[in-house]
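Summary of the model geometry
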Amino acid sequence: MRSNVADYSLIQPTSLQEALQTLASDPRYTPIAGGTELMVALSAGRLPQKHLLSINHLYELRFITATPNTVTIGSGTTFTDIRRSAIIASDFPLLVQAASWTGSIANQNRGTLGGNIVNASPAADSPPALLAYDATLTLISAAGARTLPYADFHLGYKRTALRPGELLHSITLPRIYSAYRSYTRKVGTRNAQAISKIALAALALMDDTAKTIKDIRIGAASLRETPTRCTAAERALLKQPITPQTIAAARAALLTEARPIDDIRSTAKYRAAVAANLLEEFLHTLSF
Ligand SMILES: Cc1cc2nc3c(=O)[nH]c(=O)nc-3n(C[C@H](O)[C@H](O)[C@H](O)COP(=O)(O)OP(=O)(O)OC[C@H]3O[C@@H](n4cnc5c(N)ncnc54)[C@H](O)[C@@H]3O)c2cc1C
């Protein structure tokens, strides 16, 4: 049944500080950014939180800044902002690709990177790239700020390390991947406007002779109950040449860590098989 909007209230703090003070003093409030998750839930009668605090207009959360070593993206940055950023395109192309896959253009104009992360769907598009790039999150509350590796943020299905009263402030990426080969692919029902059945984002650094893998990082969506880094497959590939034996070992390792689910979008069997195929496709690109 649809919700009655009269049952809901929305406040719009004028600054980040005011937002944090309100979240600290009144735990009933839930932040709403672009609203592309929350408004769907509200519309469908599935939004138990009745008190919403808008952070959508807070310029303090919508920015992209760079230093020689890092790029920091405010949580309120939209997917359109990401698609238009020259520095993200040059240094973090996997993230631009993920942004371009996220829903429709209208969705990308409103939906934020922070909302995608905190919503914590195992099928979301940006997490595999953020895991591959070793993102660090900055979380803020009225009590101060703390940082956390993104790899430690997801604690279980839709459970995160975000504490009551905290907001995701920003996402920081190290600018160290210019020599890495990159690969990403999302498999869904259609090419556009589809949530992934399975997705992979991967980076590899080859040694000077381009024969063996010096470093490798693989992020996946819909492979487990949270977005996940495929550490067993990475271990099977590290310091290895790209041979049929290595590829077989990496596929087998990936299947040991895959715990996909059956749901309306796909089956666990399909997801695991296609994840291994995507990994193999990536590894073939490294042998050229
Ligand atoms: C038609 C449609 C298609 C879609 N397609 C895709 C797709 O292809 N791929 C995909 O990944 N997603 C897709 N989505 C989901 C959605 O658009 C994204 O997850 C988007 O990034 C959510 O961001 P938002 O700002 O709108 O989040 P909101 O709806 O505002 O919030 C989502 C959650 O995050 C919390 N939150 C938001 N910002 C913060 C913050 N800074 N700090 C703390 N908590 C915060 C909110 O409290 C809420 O729990 C789709 C949605 C729709 C409606």
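Preceding this section is the structure that the text describes.
Residues numbered from 1 in each chain as written. Predicted model: local features only at pLDDT ≥ 70, side-chain atom pairs only at ≥ 80, totals over all residues. Heavy atoms only, no water.

1. Quick look at the site of the ligand
Taken together, the neighbourhood of the ligand is formed by 32 residues, with Pro31, Thr36, Glu37, Asn107 and Thr112 sitting nearest. A distance of 3.2 Å is found between a nitrogen atom of the ligand and a side-chain nitrogen or oxygen belonging to Ser75. Expressed as a share of its isolated accessible area of 990 Å², the protein-covered part of the ligand is 88%. When contributions to the shell around the ligand are tallied by element, the ones reaching two or more residues are strand S2 (29-32), helix H2 (38-43), helix H7 (113-119) and strand S10 (167-174). (Near = heavy atom within 4 Å. Polar contact = N/O pair within 3.5 Å; in protein donor to acceptor, adjacent residues only side chain to side chain. Areas by Shrake-Rupley, 256 points an atom, 1.4 Å probe, with all protein chains shown as cover. Helix = DSSP H or I, 4+ residues; strand = E, 2+ residues; numbered from the N terminus.)

2. Things to note about the pattern of salt bridges
For the coordinates displayed, the defined rule picks out 12 salt bridges. In this structure, Arg175 and Asp91 form a salt bridge, with 2.6 Å as the shortest nitrogen-oxygen distance. Here Asp91 lies in helix H4 (residues 86-91) and Arg175 lies in the loop between S10 and strand S11 (181-187), a separation of 84 residues in the sequence. Since its relative accessible area comes to 28%, Arg175 is described here as partly exposed. Where salt bridges share partners, they join Asp134, Asp215, Arg217, Arg229 and Glu234 into one cluster. (Salt bridge = Lys/Arg side-chain N within 4 Å of Asp/Glu carboxyl O. Buried < 20%, exposed > 50% of the residue type's maximum accessible area, 1.4 Å probe, protein only.)

3. What about the environment of Ile247?
Structurally, Ile247 is set in helix H10 (residues 244-257). Using a relative accessible area of 7% as the deciding quantity, one classes Ile247 as buried. In this structure the C-alpha to C-alpha distance between Ile247 and Glu280, which are 33 residues apart in sequence, comes to 6.3 Å. Setting aside anything within four residues of it in sequence, one finds Ile247 in contact with Ile242, Glu280, Leu283 and His284. (Contact = heavy atoms within 4.5 Å.)

4. Digging into the layout of surface pockets
To find the voids left in a structure, one rolls a probe of water-molecule size over its atoms. There is about 180 Å³ of room inside the second largest pocket. If you trace the second largest pocket, you find 13 residues lining it, with Leu10, Ile32, Met39, Leu52 and Ser54 closest to the centre. Residues of the lining of the second largest pocket, tallied by class, amount to 7 nonpolar, 5 polar and 1 charged. (1 Å grid on protein atoms, 1.4 Å probe; cavity = no way out; pocket = protein on both sides within 12 Å on 5 of 7 lines; lining within 4 Å. Points joined across faces, edges and corners; volume = space filled by probe spheres on them. Nonpolar A, V, L, I, M, F, W, Y, C, P; charged D, E, K, R; others polar.)

5. What to know about the sheet that holds strand S7 (residues 144-149)
On the basis of which strands lie adjacent, the open sheet formed by 5 strands has the order S4-S5-S10-S6-S7 and antiparallel pairing. Single-partner strands in this sheet number two, and they are strand S4 (64-66) and S7. Direction aside, neighbouring strands of the sheet carry axes that sit 20 degrees apart on average. Of the pairings in the sheet, the one linking S4 to strand S5 (residues 70-74) comprises 3 bridges and is antiparallel in character. Considered in S5, the bridge of Thr65 is made with Thr72. (Pairing = 2+ DSSP bridges. Axes fitted to C-alpha atoms, helices over the stretch in contact; angles between N-to-C directions.)

6. Points about helix H5 (residues 93-101)
Buried residues of H5: Leu94, Leu95, Val96, Ala98, Ala99 and Trp101, and no others. Looking one or two residues past H5, Gly103 carries a phi angle of roughly 60 degrees, positive in sign.

7. Some points on the sheet that holds strand S13 (residues 213-221)
Pairing is antiparallel across the open sheet formed by 4 strands, whose spatial order is S11-S12-S13-S14. Of all the strands in the sheet, just S11 and strand S14 (228-229) have a single pairing partner and so form its edges. As defined by bridge partners, S11 adjoins strand S12 (residues 198-206) across 7 bridges and the pair is classed as antiparallel. Bridging from a neighbouring strand, Ser182 pairs with Leu203 of S12. Of the strands in this sheet, S11, S12 and S13 touch helix H11 (residues 268-286), which is tilted by about 25 degrees from S12.

8. What about the packing of aromatic side chains?
Summed over the entire model, instances satisfying the criterion amount to 5 aromatic pairs. Ring centres 5.0 Å apart and planes at 80 degrees place the aromatic pair Phe92 and Tyr133 in the edge-to-face group. Of the two residues, Phe92 is situated in the loop between H4 and H5 and Tyr133 in the loop between helix H8 (126-132) and strand S6 (136-141); the sequence distance between them amounts to 41 residues. Residue classification places Tyr133 among the buried residues on the basis of a relative accessible area of 1%. Here Tyr133 and Tyr177 contribute two aromatic rings whose centre-to-centre distance is 5.3 Å and whose plane-to-plane angle is 50 degrees, an arrangement assigned as tilted. (Phe/Tyr/Trp six-rings, centres within 6.5 Å; stacked < 30°, edge-to-face > 60°.)

Everything listed here is a matter of coordinates, which is why it stays silent on function.
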